[in-house]
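Structure at a glance
Take a look at the letters that make up each chain.
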Amino acid sequence: MKLSHFQFDLPKELLAEFPAENRDEARLMVIDRKKQTIEHKMFKDVIDYFDDGDVMILNNTKVFPARLYGNKEKTGARIEVFLLRELNAEQRLWDVLVDPARKIRIGNKLYFGDDDSLVAEVIDNTTSRGRTLRFLYDGSYEEFRNKLTELGETPIPKYINREVTPEDAERYQTIYAKEEGAVAAPTAGLHFSKHLLKRLEIKGVKFAEVTLHVGLGTFNPVEVEDLSKHKMDSEELKITQEACDIVNEAKGKRKRVCAVGTTSMRAIESSVSSANTLNPYEGWTNKFIFPPHDFSVANCMITNFHTPKSTLLMMISAFCGHDLMKKAYEEAIKEKYKFYSYGDAMLIL
């Protein structure tokens, strides 16, 4: 498969600027790989496809307010600082992206907040837009983190051309988010309401939680025609023994094992035993899934509609089968499904 196989024309108006009014009332396209069929449902109808003993694998990462705006010393120029990850808690070192980057050099200081109570010094260049910052703040580590939360805003994706609203803090977060560390939401999970999770639970569906801290690399378009040459950014991953037990028991009983989102799928495919069972894991993963790929753990998945040439689309092609995926996407565009982070969902059986 080549990059050009993943190009398609996506009308701008199908990029969702806002989420559906109610989480579980987004649209759901249901694809059956065996029957080669496509159905149109509501997300809450997902319950009709699962039974007692089936398992859903959820990514419980929590998005933190990663986008800050500061001012450069002397000039006062407004600079966006996007926090990627903490490098050293004690020294308050962070890996960040800055915009506009050309103005930001080693030794520069940036000031945040109306009272300039938070200051950062640029101590290294990592990539063209990447910098290492050391934050200077008078207070304990906990107070410093609270300050970041207070000054930061929800990192809704760049394609959403509007100001962040207070609702985004709630809606760009799954209701089961626990472990802070993501700078982008695992978006397939955004469609689950408390009510729907409860109904699934009553029906006997079990939930296995994994943690993959989604980085900005998830949005990086692939730029090489030969997919095997693409390098994924590493993301932090944790899979507990408890999650493995839930998943492996369901696999043993030939139940449905559903990866909720591409991040859950990438997590589990990063830690598979030779017997095709899920293994516990703690570390980093840069797994890139593209066709052909043999999936070892999940036999169905829930995902949103992805943008052209994205690594996410390539994973869906590998799982769904390329021709069926193309057919589904053509139908999604014809039926005006909403795409991307706040968009509609797809269940692939």
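Residues numbered from 1 in each chain as written. Predicted model: local features only at pLDDT ≥ 70, side-chain atom pairs only at ≥ 80, totals over all residues. Heavy atoms only, no water.

With an unreviewed UniProt entry as reference, the chain is termed S-adenosylmethionine:tRNA ribosyltransferase-isomerase, source organism Flavobacterium sufflavum. Taken from UniProt, the Subunit (unreviewed entry) comment for the chain reads in full: "Monomer." The record in UniProt for the chain states the following under Sequence similarities (unreviewed entry): "Belongs to the QueA family." (UniProt positions renumbered as here; feature names shortened; annotations may be inferred.)

Description of the side chain of threonine 187
Tracing the backbone through its elements, the reader meets threonine 187 in the loop between β11 (179-182) and α3 (194-202). Among all residues touching threonine 187, those that are not within four sequence positions of it are Asn304 and Ser341. (Helix = DSSP H or I, 4+ residues; strand = E, 2+ residues; numbered from the N terminus. Contact = heavy atoms within 4.5 Å.)

Looking at the sheet that holds strand β6 (residues 78-88)
Sheet strands line up and pair through hydrogen bonds in the backbone, either parallel or antiparallel. One closed barrel accounts for 6 strands, arranged β5-β6-β7-β10-β9-β8; its pairing is antiparallel. Taken over all neighbouring pairs, the strand axes of this sheet differ in orientation by 45° on average, direction set aside. Where strand β5 (residues 67-72) and β6 come together, 5 bridges link them in antiparallel fashion. Within β6, the residue paired with leucine 68 across the bridge is valine 81. (Pairing = 2+ DSSP bridges. Axes fitted to C-alpha atoms, helices over the stretch in contact; angles between N-to-C directions.)

Observations concerning the nonpolar core
The biggest cluster of nonpolar side chains holds 66 residues, and the ones touching the most others in it are Met29, Met265, Phe339 and Met346. Considering each element in turn, this core owes the most residues, 7 residues, to helix α6 (residues 311-320). Sequence-distant contacts of methionine 346, defined by excluding residues within four places in its chain, comprise Leu28, Met29, Ile31, Met301, Ile302, Thr303, Phe305, Ile316, Ala328 and Tyr329. Core analysis: the next-biggest nonpolar cluster, separate from the first, contains 24 residues, Phe64, Leu83, Val96 and Val122 among them. (Core = buried A, V, L, I, M, F, W, Y, C linked by side-chain atoms within 4.5 Å. Buried < 20%, exposed > 50% of the residue type's maximum accessible area, 1.4 Å probe, protein only.)

Observations concerning helix α4 (residues 241-252)
The terminal C-alpha atoms of α4 lie 16 Å apart, and with 12 residues this matches the ideal 16 Å at 1.5 Å per residue to within 8%. For α4, the complete set of buried residues consists of Ala243, Cys244, Ile246, Val247 and Ala250. The buried residues of α4 occupy an angular sector of 165° when the element is viewed end-on, so they sit on one face. Exposed residues on α4 whose side chains face more than 90 degrees from its buried face are Glu242 and Gly252. Among the structural elements, β3 (55-59), β12 (206-212), β13 (235-239) and β14 (257-260) are those in contact with the buried residues of α4. One or two positions beyond α4, positive phi appears at arginine 254, with a value near 55°. (Expected span 1.5 Å × (residues − 1). Arc of directions from axis to C-beta.)

Quick word on the packing of α6 against helix α7 (residues 322-334)
At a minimum axis separation of 7 Å, α6 and α7 run at an interaxial angle of 120°. The angle between α6 and α7 places the two elements in the oblique class. Taken as a pair, α6 and α7 cross one another with a handedness that is right-handed. Facing α6, whose interface residues are Leu313, Ile316, Ser317 and Cys320, α7 presents His322, Leu324, Met325 and Tyr329. (Parallel < 35°, antiparallel > 145°, perpendicular 65-115°, else oblique. Left-handed = near helix turned anticlockwise from the far one by under 90°.)

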